[in-house]
Amino acid sequence: MKQNPLLERFPLGKGVTLRNRIVMAPMTTWAGNDDGTVSHEEEAYYRRRVQDIGLVITGCTHVQENGIGFTGEFAAYDDKFIPGLKRLVIAAKSGGAPAILQIFHAGVKTSPELVSDIVAASAIPGDAGPFAPSVTPRELTCTEVETVIQDFGKATRRAIEAGFDGVELHGAHGFLLQNFFSPHSNRREDQWGGSLKNRMRFPLSVIESVRKTIAEHATNPFLMGYRISLDEHYEDGLRIDESLHLVDRLVDEGIDYLHVSLGNALEARPVDAPNGPKVIEIVRDHLAGRIPLIVAGQLRTPEQAEDAVKAGVSLTAVGQGMIMNPDWVKFVDGKAEGKIALNIAASDVEQLAIPQKLWRVIEDTTGWFNIR
């Protein structure tokens with residue numbers, strides 16, 4: 001019998017080979033302690049899910065104190081958080097897979113409840129969402145922009161010292177990296193805005209800072225990935241052609257993989273070409289095998305993830321499906337008992353090691369799951 005392609009070994013880069021093509025997607029758990037340290041609930045959440053997967057990518061952590069995106073988000077903006085990050089590494093790597101720390105600055109996507117000084121590329125309000133109301137941010141000064149860039153590097157050093165195997169820069173979902181790149185949200189008239197070249201300057205400068213930090217501090221193979229949203233719904237927003245220009249530069253600057261975040265990985269099409277080729281086909285063909293491609297977006301069942309691999313995706317990131325099914329990989333290799341769960345109930349929380357704060361968010365957020 002031919003092996004399921006999801007279970008094939010995969011060379012991710014820098015000599016790191018994954019035992020399969022299944023990634024634990026980066027998902028916020030809202031489970032951090034009030035002081036920004038990693039909680040025991042967060043550790044338990046990872047331990048319950050990492051036994052058979054190929055790669056772990058943690059939920060996002062902020063590189064500056066005002067860069068927090070969610071309540072209960074663990075922090076990485078100061079060396080005092082390294083001990084907690086070390087505990088998270090132990091939990092995330094307890095199943096034998098490499099673990100990557102996702103780092104970001106939430107920018108305009110944070111909330112006044114969390115941050116008194118909300119900053120962004122320009123004073124353009126963000127979208128109102130379930131976790132952050134629409135607010136008008138303060139435009140970062142050039143000096144502050146340079147400081148943020150340096151702080152991405154400092155957070156990378158902390159990831160190295162904690163024992164992670166890489167960092168993923170969260171340049172998707174309207175957070176600060178995308179906020180600078182988007183023509184909708186970046187109206188600056190200095191070197192950080194305006195032309196495509198200038199709007200790419202901030203994410204590329206962050207990449208440079210992270211790359212230099214890795215070269216200086218890492219003694220073992222240490223990966224650098226980039227998560228991206230390729231287009232936006234605004235009339236003056238990002239379009240996929242511009243994003244592919246950034247992708248080319250990211251590849252040139254040495255990222256080890258590209259992580260594309262989509263509403264629906266198998267069906268998404270560009271905003272400006274809703275009847276054209278699917279996004280995963282466009283990106284697959286554009287990358288042409290230069291670096292691995294990870295895709296996330298409603299890949300809840302093994303069949304959906306397998307379809308993504310058959311479409312040319314290197315690795316499949318499973319998020320909500322893995323919350324409901326901590327032993328998700330066993331449904332791929334035929335070792336699971338029963339059927340894969342597509343809904344969830346309060347009675348499941350303890351057995352699934354779901355942090356209480358995460359469960360409250362699940363209950364309050366439309367579209368997360370079918371709650372029975």
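Residues numbered from 1 in each chain as written. Predicted model: local features only at pLDDT ≥ 70, side-chain atom pairs only at ≥ 80, totals over all residues. Heavy atoms only, no water.

For the protein, the name recorded in an unreviewed UniProt entry is NADH-dependent flavin oxidoreductase, with Silvania hatchlandensis as its organism.

Draft legend 1. Region of interest: the side chain of Ser39. In this structure, Ser39 sits in the loop between β3 (22-24) and α1 (40-47). Overall, the relative accessible area of 5% leaves Ser39 in the buried class. Leaving out residues up to four positions away in the same chain, Ser39 has contacts with Ala31, Gly32, Asn33 and Arg87. (Helix = DSSP H or I, 4+ residues; strand = E, 2+ residues; numbered from the N terminus. Buried < 20%, exposed > 50% of the residue type's maximum accessible area, 1.4 Å probe, protein only. Contact = heavy atoms within 4.5 Å.)

Draft legend 2. Local environment of the packing of helix α6 (residues 240-252) against helix α7 (residues 279-287). At their nearest, the axes of α6 and α7 sit 11 Å apart, and the two run at 40° to each other. Judged by the sense of rotation from one axis to the other, the crossing of α6 with α7 is right-handed. Contacts between α6 and α7 involve Ile240, Leu244, Val247, Asp248 and Val251 from the former and Val279, Ile282, His286 and Leu287 from the latter. Broken down by class, the residue content of the contact of α6 with α7 amounts to seven nonpolar, one polar and one charged. (Axes fitted to C-alpha atoms, helices over the stretch in contact; angles between N-to-C directions. Left-handed = near helix turned anticlockwise from the far one by under 90°. Nonpolar A, V, L, I, M, F, W, Y, C, P; charged D, E, K, R; others polar.)

Draft legend 3. View of the pairing of strand β4 (residues 55-62). With respect to burial, β4 is a largely interior element, eight of its eight residues being buried. Examined bridge by bridge, β3 and β4 share two bridges and lie parallel to one another. Bridging from a neighbouring strand, Met24 pairs with Val56 of β4. The sheet contact formed by β4 and strand β5 (residues 99-104) spans five bridges and is parallel. Opposite His62, over in β5, you have Phe104 as the bridge partner. (Pairing = 2+ DSSP bridges.)

Draft legend 4. Looking closely at the UniProt feature "domain: NADH:flavin oxidoreductase/NADH oxidase N-terminal" (unreviewed entry) in the protein. Here the UniProt-annotated "domain: NADH:flavin oxidoreductase/NADH oxidase N-terminal" (unreviewed entry) positions come out as residues 12-331. Note that residues 12-331 is 34% helix and 16% strand, and that its end C-alpha atoms are spaced 23 Å apart. (UniProt positions renumbered as here; feature names shortened; annotations may be inferred.)

Draft legend 5. Representation of the packing of aromatic side chains. One pass over the full model with this rule turns up six aromatic pairs. Here the aromatic rings of Tyr45 and Tyr46 are separated by 5.3 Å at their centres, their planes lie at 85°, and the arrangement is edge-to-face. A residue is classified by how much of its surface remains accessible, and Tyr46, at 1% relative accessible area, is buried. Measuring from ring centre to ring centre gives 6.4 Å for Phe70 and Phe175, while their planes differ by 80°; the resulting arrangement is edge-to-face. Of the two residues, Phe70 sits in the loop between β4 and α2 (82-92) while Phe175 sits in the loop between β8 (166-171) and α4 (176-181), which places them 105 residues apart along the sequence. Assigned by exposure class, Phe70 and Phe175 land together as buried. Pairwise contacts between aromatic rings join Trp30, Phe70, Phe104 and Phe175 into one cluster. Directly above the aromatic system of Phe181 lies the positively charged group of Arg199, at a separation of 6.0 Å from the ring centroid. (Phe/Tyr/Trp six-rings, centres within 6.5 Å; stacked < 30°, edge-to-face > 60°. Lys NZ or Arg CZ within 6 Å of the ring centre and 35° of its normal.)

Draft legend 6. Molecular detail of the nonpolar core. The biggest cluster of nonpolar side chains holds 100 residues, and the ones touching the most others in it are Phe164, Phe202 and Leu258. In terms of residue count, the dominant contributor to this core is helix α3 (residues 142-162) (eight residues). Residue contacts for Leu258: discarding those within four places in its chain leaves Tyr226, Ile228, Val247, Leu250, Val283, Leu287, Ile291, Pro292, Leu293 and Ile294. Of all hydrophobic cores here, the second largest spans 15 residues; its members include Leu18, Val23, Ala25 and Leu223. (Core = buried A, V, L, I, M, F, W, Y, C linked by side-chain atoms within 4.5 Å.)

Draft legend 7. Representation of unusual backbone geometry within the structure. In this structure, Lys14 takes a positive phi of about 55° despite not being glycine. Along the chain, the position of Lys14 falls in the loop between β1 (10-13) and β2 (16-18). Here Lys14 falls in the partly exposed class, since its relative accessible area comes to 42%. In this structure, His173 takes a positive phi of about 60° despite not being glycine. Tracing the backbone through its elements, the reader meets His173 in the loop between β8 and α4.

Draft legend 8. Structural view of the pattern of salt bridges. Scanning the model with the defined rule gives 25 salt bridges in all. When the shortest N-O distance is used, the salt bridge between Arg87 and Glu43 registers 2.3 Å. Taken together, the residues span a long stretch of sequence, with Arg87 in helix α2 and Glu43 in helix α1 at a distance of 44 residues. You can call Glu43 buried: its relative accessible area is 10%. (Salt bridge = Lys/Arg side-chain N within 4 Å of Asp/Glu carboxyl O.)

Draft legend 9. Layout of the sheet that holds β8. Around the barrel, which closes on itself, the eight strands sit in the order β3-β4-β5-β8-β9-β10-β11-β12 with parallel pairing between neighbours. Neighbour-to-neighbour, the strand axes of this sheet turn through a mean angle of 25°, independent of strand direction. One ladder, built from four bridges, connects strand β10 (residues 257-261) with strand β11 (residues 293-296); its direction is parallel. In the sheet register, Val260 faces β11, and the bridge partner there is Val295.

Draft legend 10. Quick look at the environment of Glu146. Relative to the assigned elements, Glu146 resides in helix α3. By relative accessible area, Glu146 is classed as partly exposed at 37%. Taking the C-alpha atoms as reference points, Glu146 and Pro98, 48 residues apart in sequence, are found 31 Å from one another.

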